Each structure stands twice: as C-alpha cells, then as structure tokens.
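Chain by chain, the residues run as shown.
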Amino acid sequence: MALTVFILQLAVCILAFPMYLLNFLGIWSWICRTLFPHFLAWVSVIYNEKMASKKRELFSNLQEFAGPSGKLSLLEVGCGTGTNFKFYPPGCRVTCVDPNPNFEKFLIKSIAENRHLEFERFLVAAGENMHNVADGSVDVVVCTLVLCSVKSQEQTLQEVYRVLRPGGVFCFLEHVAAKPLTWNYFWQQILDPVWFLLFDGCSLTRDTWKTLERASFSKLKLQHLQAPLSWELVRPHIFGYAVK
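So, a few notes on the structure that sits alongside this text. Because the structure is a prediction, the values reported are computed rather than measured. (Residues numbered from 1 in each chain as written. Predicted model: local features only at pLDDT ≥ 70, side-chain atom pairs only at ≥ 80, totals over all residues. Heavy atoms only, no water.)

Details of the packing of helix α1 (residues 2–15) against helix α6 (residues 183–198)
Then, in step 1: Taken N-terminus to C-terminus, the directions of α1 and α6 make an angle of 35°; their axes are 8 Å apart at the nearest point. Relative to α6, α1 is oriented so that their crossing is right-handed. Contacts from T4, V5, L8, Q9, V12 and C13 of α1 reach α6 at F186, Q189, I190, L191, P193 and V194.
Then, in step 2: Across the contact of α1 with α6, the residue classes tally to 9 nonpolar, 3 polar and no charged. (Axes fitted to C-alpha atoms, helices over the stretch in contact; angles between N-to-C directions. Helix = DSSP H or I, 4+ residues; strand = E, 2+ residues; numbered from the N terminus. Left-handed = near helix turned anticlockwise from the far one by under 90°. Contact = heavy atoms within 4.5 Å. Nonpolar A, V, L, I, M, F, W, Y, C, P; charged D, E, K, R; others polar.)

In structure tokens form, the structure reads like this:
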C-alpha cells in the first residue's frame, strides 16, 4: 500500500510540476497570498451554511469566560475573512491575527456587517509567533480551519496557551486526517503534497487531535465528526474546546 501511495503521489507531483517550479521561483506563494483570500471569501460562505449548527454550539457559551469587567476579550488566530464574527456574543472585543495581510480588506467588510462586536486590531503575524499579544491577556482564543496549515501545531498551541488568562478557553474546529485504512485516507495521502500548494499550506493528513491531547491544557473536550461537505477529503473534522 505504501508503494502504491508513493507511486501515485509521484504521478500527481509530475502533473503539478509547473506549480512546483513557480513555487521554487518564489512566484507561487505570491499568487496564493493574493488570490487565496478571494477563494476563501467564496468558500467560507458555503462552509458557514453547512457548519452553522456546529459553530453555534461551539461558541454558545463564550460569554461565560468573560473577565471581571464582564467584557469578553477574544483573539482569533487565522481569522481569514471574518466569517466567524456573526457567531460571537454582542460586545465581544475581537483581535484578529493572520499571516496574510491581504485578508484585511475582507475583515473590514465583515466588521461593518457585525456591529455587535468591538473590533480592536488586526495583527499580521503567524500563529507560532504572536509576540504582539501579551501573556494572559485574552479570555478566549479561536481557531477554525487553521491548525491544518500552520507550520508548527505545537508552537501555535504554546502561543495560544501563553496569551490565554488562567481559566481562559481555546475553541477549535478543524478538518483532519481520515481513519487509516480507509479510501478517504488513501486519497488524502496521495493528494496532500499538491493540496499543500493549491490551498496555501493546508495539509489533509494531520492528526491534530493528538497534538491537542499532548498540549498543556487542564481540560480538553474534543469530538470527531463527519462534516456535511461536498468534498469528502475534508469531511473528517474535530471540534471542541480546551481550558487553560
């Protein structure tokens, strides 16, 4: 099976050689950073429609984690176009972090459409290095469809843990690797190298739940589910929360 996967991976990579060449020349990353926000703006609307009930469930109790002032301080890592905004409670103070500055104009639009929130700032930074966010300064950190594409899940979760106040919560919703020895996992392995280039560093084969289980959180509640999405490759999901 491993040899079959390798041969098919090689065949797919040969077909995708022009992309790899552009990536080697440093052109492909510029194309992705420019065009990916437009693609995500379109696909996020569809994803929100399909996953609205799970997002409402995930974010339903956020206000319980507000600090003594009663104001909820929330940091969204990998905010993209801001499609989670409508699920956040009124008066929530939101800071956004994303390594791609081209998302900012989409965020401005989302902010205008979600006046129930207090938008604080947009930071251009990777999840692995959020040095502009102070230790223990936020009540809630949110990641949705982000841990699939960060360079280091471990470093990102260390940063999430650092910026959360004691008792703060990390909410996540991520697509993950399918169960081993399934056809879906077979095709995930074959297409993963090209998928990584096409979708701005996204990986199909990460067992993100294991990284979360190894992290330093005092409590972890995690569920596996099959998301009702058209693309079977990204149907395997996890969602839940972790408390510092």
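Some points on the packing of aromatic side chains
Then, in step 1: With the rule as written, the count across this model stands at 14 aromatic pairs.
Then, in step 2: Between F59 and Y88 the ring centres are 5.3 Å apart and the planes differ by 75°, which places this aromatic pair in the edge-to-face class. Taken as a pair, F59 in helix α3 (residues 28–59) and Y88 in the loop between β1 (73–77) and β2 (93–98) lie far apart in primary sequence, 29 residues in all. Like F59, the residue Y88 is buried in the burial classification.
Then, in step 3: Considering the side-chain rings of F186 and W187, the 5.3 Å spacing of their centres and the 80° angle between planes classify their relative orientation as edge-to-face.
Then, in step 4: Given a relative accessible area of 40%, W187 falls into the partly exposed group.
Then, in step 5: Grouping aromatic residues by their ring pairs yields a cluster made of F36, F39, W42, W195, F199 and W231.
Then, in step 6: The ring of Y161 is capped by K244, whose NZ or CZ atom sits 4.8 Å from the centre of that ring. (Phe/Tyr/Trp six-rings, centres within 6.5 Å; stacked < 30°, edge-to-face > 60°. Buried < 20%, exposed > 50% of the residue type's maximum accessible area, 1.4 Å probe, protein only. Lys NZ or Arg CZ within 6 Å of the ring centre and 35° of its normal.)

As for the sheet that holds strand β6 (residues 219–226)
Then, in step 1: In spatial order, the strands read β3-β2-β1-β4-β5-β7-β6; together these 7 strands make up an open sheet with mixed pairing. Two strands in the sheet have a free side with no partner beyond their single neighbour: β3 (118–124) and β6. Each adjacent strand pair in this sheet contributes to an overall mean axis angle of 15°, direction not counted.
Then, in step 2: Bridging between β6 and strand β7 (residues 236–243) involves 8 bridges; their strand directions are antiparallel. Residue L225 lies in a different strand from β7, and its bridge partner there is H237. (Pairing = 2+ DSSP bridges.)

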